[in-house]
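Spelled out from the first residue to the last, the chains are:
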Amino acid sequence: MNKLKLKSFIFANAVLLASGFALPAHAEDEAQLIKQGEYLSRLGDCMACHSLPGKPDYSGGLAIESNLGTIFSTNITPDKQHGIGNYSEQQFSDAVRKGVLPDGSHLYPAMPYPDYAKISDADIHALYVYFMKGVQPSSEQPPETDLSFPFSQRWGMRFWNWAFASDKPFQPIGGASEEVNRGAYIVESLGHCGSCHTPRGLGMNEKALDSGDDKFLTGGSLNNWDVPSLRGLPRWSEQEVVDYLQTGRNDKAAVGGEMTSVIEHSSSHMTDADLKAIAAYLKFLGGNPPLQAYNVQAQQATEAKLTAAKNLSEGERLYLDNCGACHFVTGKGAPGIFPELDQATIVNAKDPTGLIHTILAGAQQPSTAKAPSKLAMPGFGQRLSDDEVAQLATFIRQGWSNTAPAVSKDQVAEVRKTLK
């Protein structure tokens, strides 16, 4: 049942009710489960990985780059030949929570089943009903994942699962509020935030799967981008966390990189209550190192020099010519529109790849219900040389109160090679 059919179904039932006919209980239950399952699929961000622009929803085909090679997402529509239409609910659950297909073959953990293992039975049931009855079948056949040996031997995943996965259900945090535990459930299970924001081990495994381990959500690396820690988020208020997840921007930052699709397809569709629960949980977590002291004198010195525009370094000149109109001489940008550069995570990251990539290729914030405008930063790769980008990035990483290491033109050249 696709969205149009579902709306027709609900309308027809409303007419029956208005005419004095009672709606069968099972029909009410099914319609509610479809609606609930659709929402849960947003929490799980299924759309982002299993859909491509111009193709039917959930018909697969997204190329996911990994250290093992390119993995293509599968068709998860209820098509009986190319999708999951023949799956029983138990087979669906095993695929989602254990990474095991009906024929016994194993999925790669690009499918975040180590996190999805914590999804409750009730939520699995609602997801199953939605995908079987609320999604339009598609006969699209995505490319087959074909990794090189030995990674092509999927049977080896059973040993990986034994070593690194867990079938432990979600465990509420003792003594925490109901709101914090709701946030913990979303983040640790359907939200699978740890798959990007938790460091990985030698086996490409998440080093922790829940808040019981201090390594959980302490940051990581994704396609050479530093992924920030989410523990405590000391520079952000709870409302700023909600704003960022809901709109892709807040008074301090704007979304970029892989997180853009998460905002677009998942978190911007969440209820206010769930977003507040996530924010409460992240703020509840401790273990983050203390913030670097804000250097007011350094910030004022950079601002004064840029304002005077005399005896500028090459990096300072490039900043005024290319960045100053939006991020200003203060490095503070415009709240809710242009992000801060002073003390920004992407600016001060150990690996400057994210900043270099943004300077070269630009960035665009997604259109969401609460922030429909698509604000875009242009890329400067066509007008700036590798050396110029390196000098610009170095200034940004060392201007105001930032204290990150310099960037070399060789680092810029390596990032430029990855641009499509």
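Residues numbered from 1 in each chain as written. Predicted model: local features only at pLDDT ≥ 70, side-chain atom pairs only at ≥ 80, totals over all residues. Heavy atoms only, no water.

Draft legend 1. Molecular detail of the pattern of salt bridges. Scanning the entire structure with this criterion turns up 16 salt bridges. With a closest N to O distance of 3.8 Å, Lys-370 and Asp-272 form a salt bridge. One end of the pair, Lys-370, is in the loop between strand 5 (363-364) and strand 6 (376-377); the other, Asp-272, is in helix 12 (residues 272-284), and 98 residues separate them in sequence. Owing to a relative accessible area of 39%, Asp-272 belongs among the partly exposed residues under this scheme. In this structure, Arg-317 engages Asp-321 in a salt bridge whose closest nitrogen and oxygen atoms are separated by 2.7 Å. Here the residue Arg-317 and the residue Asp-321 both occupy positions in helix 14 (residues 314-322), the gap between them amounting to four residues, near one helical turn. Residue Arg-317 is classed as partly exposed on the basis of its relative accessible area of 32%. Several salt bridges share partner residues, and in doing so they unite Glu-314, Arg-317 and Asp-321 into one network. (Salt bridge = Lys/Arg side-chain N within 4 Å of Asp/Glu carboxyl O. Helix = DSSP H or I, 4+ residues; strand = E, 2+ residues; numbered from the N terminus. Buried < 20%, exposed > 50% of the residue type's maximum accessible area, 1.4 Å probe, protein only.)

Draft legend 2. Expanded view of the UniProt feature "binding site: heme c 3" (unreviewed entry) in the chain. Those places that UniProt annotates as "binding site: heme c 3" (unreviewed entry) correspond, in this numbering, to Cys-323, Cys-326 and His-327. Here Cys-323 shows up in the loop between helix 14 and helix 15 (324-327). Classification of Cys-323 as buried rests on a relative accessible area of 10%. When sequence neighbours within four positions are dropped, the list of residues in contact with Cys-323 reads Leu-318, Phe-328 and Leu-392. Tracing the chain through its elements places Cys-326 in helix 15. Setting aside chain neighbours within four positions, we find Cys-326 in contact with Gly-333, Ala-334 and Phe-338. (UniProt positions renumbered as here; feature names shortened; annotations may be inferred. Contact = heavy atoms within 4.5 Å.)

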